[in-house]
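Survey of secondary and tertiary structure
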Amino acid sequence: MNRGFASLHPAPCFLYYVGLVILVMIIYHPLFLLLALCSQILLNIMQDGGRKLKESARFYIFFGLFIALINPFVSRRGQNVLFYFMDNPVTLEAVVYGIAMMMSLLTVLIAFVSYNMVITPDKFMFLFSSILSKTAFMAMMAMRFVPVLKRRSQEIALVQKTRGTDISSGTFIQRIKNGMQILVILITWSLEEAIITSRSMRARGYSITKNRSSYFDYKMTRRDWAILFLILFTWANLLLFWYWGIGYFQIYPVLAPLVLDMNTGLFLAVSAIYLAIPLVVEGAEKLAWL
Amino acid sequence: MALIDIQNLNFAYPNSPQRALKNINFSVEAGEFVVICGPSGCGKTTLISQLKREIRPEGEISGRILYRGKPIDCLSKKEAVEEIAMVFQDPENQIVLDTVIHELAFGMENLGYDILTMKKRIGEMCNFFGLEKMLYKSVHELSGGEKQILNLASVLLLQPKLLLLDEPTSQLDPIAAKEFLQMLYRLNRELSMTVIMSEHRLEDLFPLADKVIFMQEGEVKYIGDPKSISFDILRSKDVTLQSYLPSVVRMYSYLKGDIKESEIPIDVREGRKLICDLIDEKQLMNPRDFQKGDKPTEKPIVKMTDVCFRYEKDSPDILKKLSLNVCPGEFLAILGGNGAGKSTLLQIMAGLKKPQRGKVYFKGQDVLCIKEEKRYLQIGYLAQNPMLYFIHETVEDELYKRGEMLKGKVEGIDELLEEYIDFFGLGPLLKRHPYDLSGGEKQKLAMAMVLLSRPQLLLLDEPTKGLDPTFKISFKDILNKLIKSGITIVMVSHDIEFVAANASSCALLFNGEITTKDTPSNFFSENYFYTTAVNRTVREKLPKAITLEDVIKACKWEKYLLAKSASH
């Protein structure tokens, strides 16, 4: 569905996600990370009601907690010792760092869920076909084969079961042997069928001209240019802030207090603008239909 | 000037002593609809692929193929791709990419068309074929018929002058096949597209074709419009060739002693008028009344009670409280639309899939309680694709290794092996690779392998799909012999004509249940269009006649009665 943020040209969308991932990897300010995490969860909810996110939410929560818990018990850095665990100090700094790391990783993972909804394979193709034309085309062809091979192997397994070749029973070695037999049939059969595919490709003129064109064409509209500019501008600003040390939050060796001065305020404001871009695009469309 | 002119064309595959094409001479005018037919292996596909340069097989070639007066090799690469389009037999494997829109654009992208042209052409084509709704669908979600329409649309986007099709409907169910042919007919009539198509089911093609070419062993045997070619073949008295003609034509020739070319009916409409006049209204006997109505009173060999099945928790029900009994010695054919769940039903019957509710009993025993090893020996299951059965390098290995596996489990396996090699005519093929066999031969080999375990019940999944009339005749004999030897057969099929002539009972699977089960004559004669061409032709006079044999029998009876009344 090309709606909301996904209705933009793929280039600004792609840059937004790449920019976001870079930012959450280098900036460890807890408020920034919290903002980023919330913005990505909200984006997912706005895009599909959080359905895709829910499918893997359990894994993300488990993974995040694992990271947050493992750091304080492994790292011994930091000054403020909270308590000792098996004679090892557990420090406040390590706890905070663990939480920051968790937020950073979760943001990347959740952003990737929404990325998959926005940058569909053909948009990816469009972005990279000029650079990696052969590879991109092969990737597209391979995608057709995933469900085909899955269905074929199920068919073979069913038939071979009637002949006593079953992968779900027997000793381990026997099962491996049977699995191999199914694989052999799958490969021979698929190669045989692939001849037809290649004939069909030749019949439709594949590789007779050097410059293949692409049907998928996305034009940069004025809105796309404006949003691209905003993304690049805010992103460059944030990078500058980072370079100047604004928005730097000291965790190790001693946890610095969280001060909200002018500079940090400005940094958080710019971050908020960057993070809110897709939300505003989504929200504007939702508003139009109220 | 003819669009295609073939002069003295000869062709031989490398390392093959025989020529695959011998002295082919014919021409095709622009706008003609040409059908090439003949038994499989007669050179139809070879001939068609000679016209498409990109896929022409390697081999020794002599003679000339002229395209608009110029040798076909003089066309530029781009012209050759654009002007001559080709659709292949298998709907699935000629698709290259994963979504409909990508597939449509593929050919045009290859030739480097600009975006505006592509958008315009795709827009227009989608309107013609009604593809808008599936534009962004994955190709796996399409049915076989939709896939073939997609293949047709994607080659037409290059705006070809000549459309080649290699048995395009042989893998489709009858309804999808008719739809596809209608589409071709529209292209031919509305856009004057030249069509050359190979096919062995002529029933639906005769009304569309301008020219029919009949090939046998690499030669053009007969050529002409449907009426004249029917006339020639009928006069030749060659029974094998005659089995390729539509049943209306054969019926006409039987009923009318002296055939006239101009009179030969080529579709049901023409046939109805003519044949009804030929059948004397007086004293007709319904042919199937002759059949002994001995209802088998034995216990059913298969009993299915309230079987419910779906693939996943949230997927729709495929079978809904289905109940069915199969009696020993029965030859039951299960018919039903595409995706009605016929194959699933067969797999459940074989004990390969477990229904969510309901039970399947095989000879009074729950099929799932029979030990797997024993279950699959007693119930033979032959899947739609025989290739799934082959794991060895030669036919011989395939059979003997299977025999070895069954040693000790099945009595007299060695004698049985020899018997089946003979019975299925596999002797000359023993040294070949199973993948190199023709479709019908593969089917026979797989069937022999299944039958080696001496099953009492044989389940067949569309065994006649895509096979020619010659094979069907030999297949029919095989099945008859198996039934005589006491095997019960359940077959799932789309092939109405085959089922009507051979099954002992027919069942319709619709909406997840068996809605009717009856003898073929009762089953088909009540249907309006889901019945044989013979029945559609003669139903006014002989409502219960569904095959040519029925009509012949009825008329013999009639003649007998007439003779009797004359003698009185």
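Conventions used here
Residues numbered from 1 in each chain as written. Chains lettered and ligands numbered in written order. Predicted model: local features only at pLDDT ≥ 70, side-chain atom pairs only at ≥ 80, totals over all residues. Heavy atoms only, no water. Helix = DSSP H or I, 4+ residues; strand = E, 2+ residues; numbered from the N terminus. Rg over C-alpha atoms; globule rule 2.2 N^0.38 Å. Buried < 20%, exposed > 50% of the residue type's maximum accessible area, 1.4 Å probe, protein only. Contact = heavy atoms within 4.5 Å. Areas by Shrake-Rupley, 256 points an atom, 1.4 Å probe, with all protein chains shown as cover. Pairing = 2+ DSSP bridges. Phe/Tyr/Trp six-rings, centres within 6.5 Å; stacked < 30°, edge-to-face > 60°. Lys NZ or Arg CZ within 6 Å of the ring centre and 35° of its normal. Buried area = accessible area lost by both parts, 1.4 Å probe. Salt bridge = Lys/Arg side-chain N within 4 Å of Asp/Glu carboxyl O. Polar contact = N/O pair within 3.5 Å; in protein donor to acceptor, adjacent residues only side chain to side chain. Nonpolar A, V, L, I, M, F, W, Y, C, P; charged D, E, K, R; others polar. pLDDT = per-residue confidence, 0-100. Expected span 1.5 Å × (residues − 1). Arc of directions from axis to C-beta. Axes fitted to C-alpha atoms, helices over the stretch in contact; angles between N-to-C directions. Parallel < 35°, antiparallel > 145°, perpendicular 65-115°, else oblique. Left-handed = near helix turned anticlockwise from the far one by under 90°. Core = buried A, V, L, I, M, F, W, Y, C linked by side-chain atoms within 4.5 Å.

When helices and strands are tallied, chain B shows 20 helices and 20 strands. For 568 residues, the compact-globule formula gives about 24 Å, and the C-alpha radius of gyration of chain B, at 25 Å, lands near that figure. Expressed along its principal axes, the backbone C-alpha trace of chain B runs to roughly 70 × 70 × 50 Å. Looking at chain B as a whole, 56% of its 568 residues are labelled buried. Considering only intrachain contacts with a sequence separation of at least 6, the fraction spanning at least 24 residues in chain B is 68%. As presented, chain B carries roughly 24500 Å² of accessible surface, and 49% of it is formed by carbon and sulfur atoms.

Attention shifts here to the sheet that holds strand β2 (residues 21-28) of chain B. Strand order in the open sheet formed by 4 strands is β2-β1-β4-β5 (chain B), with antiparallel pairing between adjacent strands. The strands lining the two open edges of the sheet, one partner per strand, are β2 and β5 (70-71) of chain B.

Further remarks concern unusual backbone geometry. In this structure, P253 of chain A follows Y252 of chain A across a cis peptide bond, with omega equal to -10 degrees. For P253 of chain A, the location among the structural elements is in the loop between α8 (222-244) and α9 (262-288). At R68 of chain B, a residue that is not glycine, the phi angle is positive and equals roughly 50 degrees. Looking at the element boundaries, R68 of chain B is found in the loop between β4 (60-67) and β5. Of note, E217 of chain B is a non-glycine position whose phi angle comes to about 45 degrees, a positive value. Positionally, E217 of chain B belongs in the loop between β9 (211-216) and β10 (219-224).

Here we take up the packing of aromatic side chains. One pass over the structure, following the stated rule, counts 32 aromatic pairs over all chains. Judged by centre distance (5.7 Å) and plane angle (20 degrees), the rings of F59 of chain A and F63 of chain A are stacked. Taken together, the residues F59 of chain A and F63 of chain A, both in helix α3 (residues 51-74) and 4 residues apart, mark about one turn of the helix. Residue classification places F59 of chain A among the partly exposed residues on the basis of a relative accessible area of 49%. Measuring from centroid to centroid gives 5.8 Å for F229 of chain A and F233 of chain A, while their planes differ by 20 degrees, and the two rings are stacked. With F229 of chain A and F233 of chain A both in helix α8 and 4 residues apart, this pair spans about one turn of that helix. In this structure F233 of chain A comes out as partly exposed when scored by relative accessible area, which is 47%. Ring pairs connect the aromatic residues F5, F14, Y16, Y17, F112, Y115, F124, F128 and Y274 of chain A, which therefore count as one cluster. The aromatic ring of W189 of chain A is capped on one face by R152 of chain A, whose charged end is 5.1 Å from the ring centroid. Taking NZ or CZ as reference, R186 of chain B lies 4.2 Å from the ring centre of F128 of chain B, over its face.

A few words on the interface of chain B and chain A. At the interface, 52 residues of chain B touch 44 residues of chain A. When the buried area of chain B at its contact with chain A is split by residue, N93, N110 and L388 of chain B rank highest and sum to 14% of it. Put simply, chain B and chain A have 3 salt bridges between them. A salt bridge links E103 of chain B to R204 of chain A; the nearest nitrogen and oxygen atoms lie 2.7 Å apart. On the surface where chain B and chain A come into contact, there are 22 residue pairs in polar contact (both at pLDDT 80 or more). The set of elements that each furnish at least two residues to the side of chain B that touches chain A consists of α2 (77-83), α3 (100-110), α4 (115-129), α5 (144-156), α12 (372-378) and α13 (395-406) of chain B. Here the element with the most residues in the side of chain B that touches chain A is α3 of chain B; it accounts for 9 residues. A class-by-class count of the residues in the side of chain B that touches chain A yields 29 nonpolar, 11 polar and 12 charged.

Taken residue by residue, chain B gives an average pLDDT of 88. The fraction at 70 or more is 95%. If you check the scores for this complex, the pTM reads 0.82 and the ipTM reads 0.85.

With that settled, the discussion passes to the pattern of salt bridges. Residue and element names in this part refer to chain B. Inspection of every chain in the model, using the stated rule, returns 24 salt bridges over all chains. For the salt bridge of K211 with E32, the shortest nitrogen-to-oxygen distance reads 3.7 Å. Placement of K211 in strand β9 and of E32 in the loop between β2 and β3 (33-37) is noted, with a sequence separation of 179 residues between them. Overall, E32 belongs to the buried group, its relative accessible area being 15%. When the shortest N-O distance is used, the salt bridge between E190 and R186 registers 3.3 Å.

The next subject is the environment of T470 of chain B. Residues and elements named next belong to chain B. Structurally, the position occupied by T470 is in helix α16 (residues 469-484). When the C-alpha positions of T470 and S504 are compared, they lie 22 Å apart, and in sequence the two are 34 residues distant. The contacts of T470, once residues within four sequence positions are left out, are P39, T240 and Y244.

A few words on α13 of chain B. Residues and elements named next belong to chain B. Between its first and last C-alpha atoms α13 spans 17 Å; for 12 residues at 1.5 Å apiece the expected length is 16 Å, and the two agree. For α13, the complete set of buried residues consists of V395, E398, L399, R402, G403 and L406. The buried residues of α13 occupy an angular sector of 125 degrees when the element is viewed end-on, so they sit on one face. Where α13 is buried, its residues touch α12, α14 (413-423) and α15 (439-451). Looking one or two places after α13, you find G408, whose phi comes out positive at around 90 degrees.

As a further point, take the packing of helix α2 (residues 30-48) of chain A against helix α4 (residues 92-118) of chain A. Residues and elements named next belong to chain A. Their axes nearest at 9 Å, the elements α2 and α4 cross at an angle of 25 degrees. Relative to α4, the element α2 lies roughly parallel. For the crossing formed where α2 meets α4, the hand is left-handed. Taking contact as the criterion, the partners of P30, L33, L34, A36, L37, Q40, I41, L43, N44, Q47 and D48 in α2 are, on α4, A100, M103, S104, L106, T107, I110, A111, V113, S114, M117 and V118. For the contact of α2 with α4, the class distribution of residues is 15 nonpolar, 6 polar and 1 charged.

In this structure, M304, Y389, L399 and M447 of chain B are the most contacted members of the largest nonpolar core, which totals 94 residues. In terms of residues, this core owes the most to one element, α15 of chain B, which gives 7 residues. Sequence-distant contacts of M304 of chain B, that is, excluding residues within four places in its chain, are made with L322, S323, L324, N325, L345, I348, M349, K359 and V360 of chain B. By size, the runner-up hydrophobic cluster in this structure holds 68 residues, among which are Y218 of chain A together with L131, L135 and F180 of chain B.

Moving on, we get to the side chain of N10 of chain B. All names here are of chain B. Within the secondary structure, N10 sits in strand β1 (residues 4-12). The buried category is assigned to N10, whose relative accessible area is 11%. Among the polar contacts listed, one links the side chain of N10 to the side chain of R19, at a separation of 2.7 Å. Filtering out sequence-adjacent residues up to four positions away, N10 remains in contact with R19, L21, K22, N23, E60, I61 and S62.

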